[in-house]
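If you want the building blocks of each chain, they are given just below.
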Amino acid sequence: MLLRKRSTKILLSILLAGFSTLALKNTSIVVSNFLNSPGFVALLFLLLIIFFMGSFKLITIPPKNDILIYITISLLIGVCWVFGFNLHVVGSVKINSLVTWVTIVLALPLLFTLIALFYQWGLKYLNILLNQNPLEKLATKEPKKYTIFEFILIFICWVPTLIASFPGNYVYDAGYQLAYHVATGNYDLHQPLAHSLLLVLFVLKIGKEIFHSYHIGLLLYTVIQMLTLAFSFELILMYMRKKRVSGLVYILTLLFFTLVPQNPLMAISATKNILYVAFLNIFVISFLLKNEIINRWGIKSYWVILGLLAFLSAAIMSQGIYIFLFGIILSLILEKKNRRQIFILGLIVTSLFSIYNGPVTKALRGVPYERHSAEMLSVPIMQLSSVESSKNVLLTNNQRRLIKEYIPNSNQYYKSGVQAISDPYKDTFNSKKFESNKLEFIKLWVKVGLNNFSKYVDAFAKLTAGIWYAPTDNRFPQTINGPHQFIEYVTAYPHTTDPYWFHINNWGNKIFPAGSKFLDWYTRDYPYQKIPIISFLMSPAFSFILFILFIGWQILTKNREYVFITSILLGVFGTLFLGPIVLYRYVYPLICMGPVMLTIMLKGRKESING
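Quick look at the structure, then. Treat the numbers as computed from the prediction; the structure is a model and nothing was measured. Positions within a chain are numbered from 1, following the residues in the order the chain's sequence is written. Where local features are concerned, this predicted model is filtered to residues with pLDDT of at least 70; where side-chain atom pairs are given and counted, the filter is 80 or more; whole-chain, interface and lining totals use all residues. For side-chain calculations, the full set of non-hydrogen atoms in the structure is used, while hydrogens and water are omitted.

**Description of the overall build of the chain**
No. 1: Helical segments are the DSSP runs of H or I of at least four residues, strand segments are the runs of E of at least two, and each set is numbered from the N terminus. When helices and strands are counted, the chain shows 30 helices and two strands.
No. 2: To sort residues, take the accessible area from a 1.4 Å probe on protein chains only and compare it with the maximum for the residue type: under 20% means buried, over 50% means exposed, and anything in between is partly exposed. With 611 residues in all, the chain has 53% of them scored as buried.
No. 3: Every residue pair with non-hydrogen atoms within 4.5 Å of one another is taken to be in contact. A sequence separation of at least 24 residues applies to 78% of the contacts in the chain between residues at least 6 apart.
No. 4: Of the accessible surface of the chain, which amounts to about 28,700 Å², a share of 67% is contributed by carbon and sulfur atoms. Note that accessible areas follow from Shrake-Rupley with a 1.4 Å probe, and for residues the cover is restricted to the protein chains shown.

Printed below as a string of structure tokens:
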């Protein structure tokens, strides 16, 4: 009987290894003759047999409901994997291809096994990887002094990046926000009013009027932003210490926050996304440390703190209020314990934001953005443009005429090769026509999509692939990267000929030229993407998969303690999938939440926010 059972496992391992080998070979970009040789394929097959045989010893057969969760997650990751590979290689996800779906099915055994190992074995043993966990002492011995030291350490590690870009990474929309105010005396509500006010206060008022230097003003803004983000990171580390997470995970997180260039680059960038990330980090940690805050300041103070942080998040980024409201609504549906408090929180924040967004904004001379509808329609605009500019599609003359009326330059979709950013198309979008007859546009979009579904899928994938797929060699020339840098650095966009940009010269390349050259090289060449595994761990796709695993963990453990923060993060993902392009600053909130999600899963199902 034992021999028969062992033989069955061996045969099953061989079968699953065969499926997995085919899936890996079908989704691997050949970079050398060796990797494509029969010898390497045979070696891969043998290693997979050993992997599956070892996995059988570690994995127990889960309940039926758990198996369904494992399969669902495996299927979702498999679809992203195969669709992304097809898009990378041939420029289409090939959703109608039988080979595509066969490859996804072949990949399921490997993905299912990895996910089962993660939930059943990885979370258990990763947390006790170090027998003598140094966090036991750090969490109890002089925590205040250690917190202050760590906060200072993070900031100091970012200072060289600040010097190299002195007086800060003046990119993205900051120059346009200042230029609009200087020209009109008003504030363009295309950008969040709160952030424009901060830029005007520091750069124009404090910098120019008090210190007679725009550079000093921008430097002060940058330093305050750096301190705020560093403080939010220290709160994350403090939460990890309190939960006695594995010392290895903790140290890796600290190294990521301090040494990986993406973080100081974000910290010094004059964009609203960074302050939003900081406020969101503080909001999430405050929510998780409910007992500590209530015991120290009382329950009313706890909800006041959450309300204030939620309002700041909503005010500093245009999509912030929509993310918050989505989180509130979903939490009210799924939550059990805190529905009343969450409802009151939502009501208070919404009321405050209505006052801020109404009479306060008007009093401060905020000018409504007339093309707001185009900002929300990036995905439909790109999908319709992809169909209109294609040959051999099912499109009537009337439908083609309507598309051209709504999107005048839709025929440039394939001619220009710009398919990863919607700006060139939504900038010409006929907002007035849309506002006068929204139903016509919706009907057009639906009817064209029903007849050209694969084109719609490809257009959506090209616009969002940077979120859910991580190529290991380079970025897609027409999808993830498009015409923009994934992380912008000031030397790449001097705006010397842009009449709508408020000019502040960068001195970093004179003060610290070696550092400035390094940052320019780092943001242009993406060297980390050339390193296997590291390229995946540093990609948004890793955070996307971790978030899926986090949701799966909550379902498997029947834990509803984290529904609220999960709903907020789900709202962030929603804005990403509907956005005009994938940039690092857009996905940064989810990347920063990675250590928090991992800590929650590692600490197990027994602990809860409520003690």
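The rest of the description comes next.
**Overview of the nonpolar core**
No. 1: Ranked by internal contacts, the top residues of the largest apolar core, which has 149 residues, are Leu288 and Trp468.
No. 2: With 27 residues, the next largest nonpolar core counts Leu377, Ile381, Phe441 and Tyr456 among its residues. The definition of a nonpolar core used throughout is a set of buried Ala, Val, Leu, Ile, Met, Phe, Trp, Tyr and Cys residues joined through side-chain atoms within 4.5 Å.

**Points about the pattern of salt bridges**
Opposite charge on two side chains lets them pair, provided their charged atoms get close.
No. 1: The term salt bridge refers to a side-chain nitrogen of Lys or Arg lying within 4 Å of a carboxyl oxygen of Asp or Glu. Under the counting rule described, the total for this entry stands at 13 salt bridges.
No. 2: Across the pair glutamate 440 and lysine 433 runs a salt bridge, and its minimum N-O distance is 3.4 Å.
No. 3: Taken together, the salt bridges that share partners define one network made up of Arg401, Glu405, Lys433 and Glu440.

**Points about helix H16 (residues 339-363)**
In an α-helix, one turn spans 3.6 residues, which is why side chains three or four residues apart end up on the same side.
No. 1: Each residue after the first adds 1.5 Å to the expected span of a helix. Across its 25 residues, H16 extends 35 Å between first and last C-alpha, which sits within 8% of the 36 Å expected from 1.5 Å per residue.
No. 2: Bend, at a single residue, is the angle you get between axes fitted to the 7 residues ending at that residue and the 7 residues starting at it. Along H16, the sharpest change in direction is near 30° and occurs at asparagine 357; proline proline 359 comes one to four residues later.
No. 3: Where H16 is concerned, the buried positions are Ile342, Leu345, Gly346, Val349, Phe353, Tyr356 and Thr361.
No. 4: At its buried positions, H16 is contacted by helix H8 (193-210), helix H14 (299-316), helix H15 (320-334), strand E2 (366-367) and helix H29 (563-577).
No. 5: Just downstream of H16 lies arginine 365, where phi reads positive at about 70°.

**Points about the packing of aromatic side chains**
No. 1: Only the six-membered ring of Trp is used, alongside the rings of Phe and Tyr, when aromatic pairs are assigned; centres must lie within 6.5 Å, and planes under 30 degrees apart are stacked while those over 60 apart are edge-to-face, with the rest tilted. A complete count under the given rule lists 39 aromatic pairs for this structure.
No. 2: Aromatic pair phenylalanine 83 and tryptophan 101: ring centres 5.7 Å apart, planes at 80°, arrangement edge-to-face. Placement of phenylalanine 83 in helix H3 (residues 64-90) and of tryptophan 101 in helix H4 (residues 98-126) is noted, with a sequence separation of 18 residues between them.
No. 3: Relative accessible area serves as the criterion here: at 36%, tryptophan 101 is assigned to the partly exposed category.
No. 4: Arranged with centres 5.4 Å apart and planes meeting at 70°, the rings of phenylalanine 287 and phenylalanine 564 form a pair that is edge-to-face.

**Remarks on helix H24 (residues 453-468)**
No. 1: At lysine 462, H24 shows its largest bend, some 50°.
No. 2: The buried fraction of H24 is high, at 12 of 16 residues.
No. 3: Along H24, the residues that are buried comprise Tyr456, Val457, Asp458, Ala459, Ala461, Lys462, Leu463, Thr464, Ala465, Gly466, Ile467 and Trp468.
No. 4: Where H24 is buried, its residues contact H3, helix H18 (378-388), helix H20 (412-416), helix H23 (438-451), helix H28 (540-556) and H29.

**Quick look at the packing of H28 against helix H30 (residues 584-602)**
No. 1: Only C-alpha atoms enter the line fits that serve as axes; for helices the fit covers just the stretch in contact. Angles between N-to-C directions range over 0 to 180 degrees. Between H28 and H30, the shortest axis-to-axis distance is 9 Å and the interhelical angle comes to 40°. With respect to H30, the axis of H28 lies oblique. Every pair of crossing elements has a handedness; the one defined by H28 and H30 is left-handed. Judged by residue contacts, Pro540, Ser543, Leu546, Phe547, Leu549, Phe550 and Trp553 of H28 engage Val587, Leu590, Ile591, Gly594, Met597, Ile600 and Met601 from H30.
No. 2: Only Asp, Glu, Lys and Arg are considered charged in this grouping, and only Ala, Val, Leu, Ile, Met, Phe, Trp, Tyr, Cys and Pro are considered nonpolar; every other residue, Gly among them, is considered polar. When the residues that make up the contact of H28 with H30 are grouped by side-chain class, the tally is 12 nonpolar, two polar and no charged. By definition in this entry, angles of less than 35 degrees are roughly parallel, angles greater than 145 are roughly antiparallel, angles of 65 to 115 are roughly perpendicular, and the rest are oblique. Crossings are sorted by hand: turned counterclockwise from the far helix by less than a right angle, the near helix makes the crossing left-handed, and turned clockwise it makes it right-handed.

**Side note on empty space enclosed by the protein**
No. 1: Using a grid of 1 Å spacing that covers the protein atoms alone, one calls a set of points a cavity when a 1.4 Å probe fits there but cannot get out, and a pocket when the set is open and has protein on both sides within 12 Å along at least five of seven lines; lining residues are those with an atom within 4 Å of a point. Grid points are joined across faces, edges and corners, and a volume is the space filled by probe spheres set on the points. Considering all chains together, one arrives at four cavities of 30 Å³ or more under this definition.
No. 2: Lining the largest cavity, in full, are Tyr276, Leu280, Phe283, Ala310, Ser313, Gly320, Ile323, Phe324 and Ile568.
No. 3: Elements with a minimum of two residues in the lining of the largest cavity: helix H12 (272-288), H14 and H15.
No. 4: Of the residues that constitute the lining of the largest cavity, the class distribution is seven nonpolar, two polar and no charged.

**A closer look at the side chain of serine 386**
No. 1: Tracing the chain through its elements places serine 386 in helix H18.
No. 2: Each residue touching serine 386, except ones within four places of it in the same chain, is listed here: Tyr413, Tyr414, Lys455 and Ala459.

**Some details on the environment of isoleucine 591**
No. 1: Mapped onto the secondary structure, isoleucine 591 falls in helix H30.
No. 2: For the pair isoleucine 591 and leucine 546, spaced 45 residues apart in the sequence, the C-alpha separation amounts to 9.6 Å.
No. 3: Contacts of isoleucine 591, omitting those with residues within four sequence positions, involve Phe256, Ser543 and Tyr584.

**Some details on unusual backbone geometry**
No. 1: In this structure, the amide linkage connecting phenylalanine 166 to the following residue, proline 167, adopts the cis form with an omega of 5°.
No. 2: Residue placement: proline 167 occurs in the loop between helix H6 (143-164) and helix H7 (174-184).
No. 3: Residue lysine 94 is not a glycine yet carries a positive backbone phi of 55°.
No. 4: Of note, the phi angle at lysine 558 is positive, near 55°, even though the residue is not glycine.

**A short note on the environment of alanine 23**
No. 1: Position of alanine 23 relative to the elements: it lies in helix H1 (residues 2-26).
No. 2: Residues alanine 23 and threonine 103, spaced 80 residues apart in sequence, show a C-alpha to C-alpha distance of 5.4 Å.
No. 3: Apart from the residues within four sequence positions on either side, alanine 23 is in contact with Trp81, Thr103, Leu106 and Ala107.

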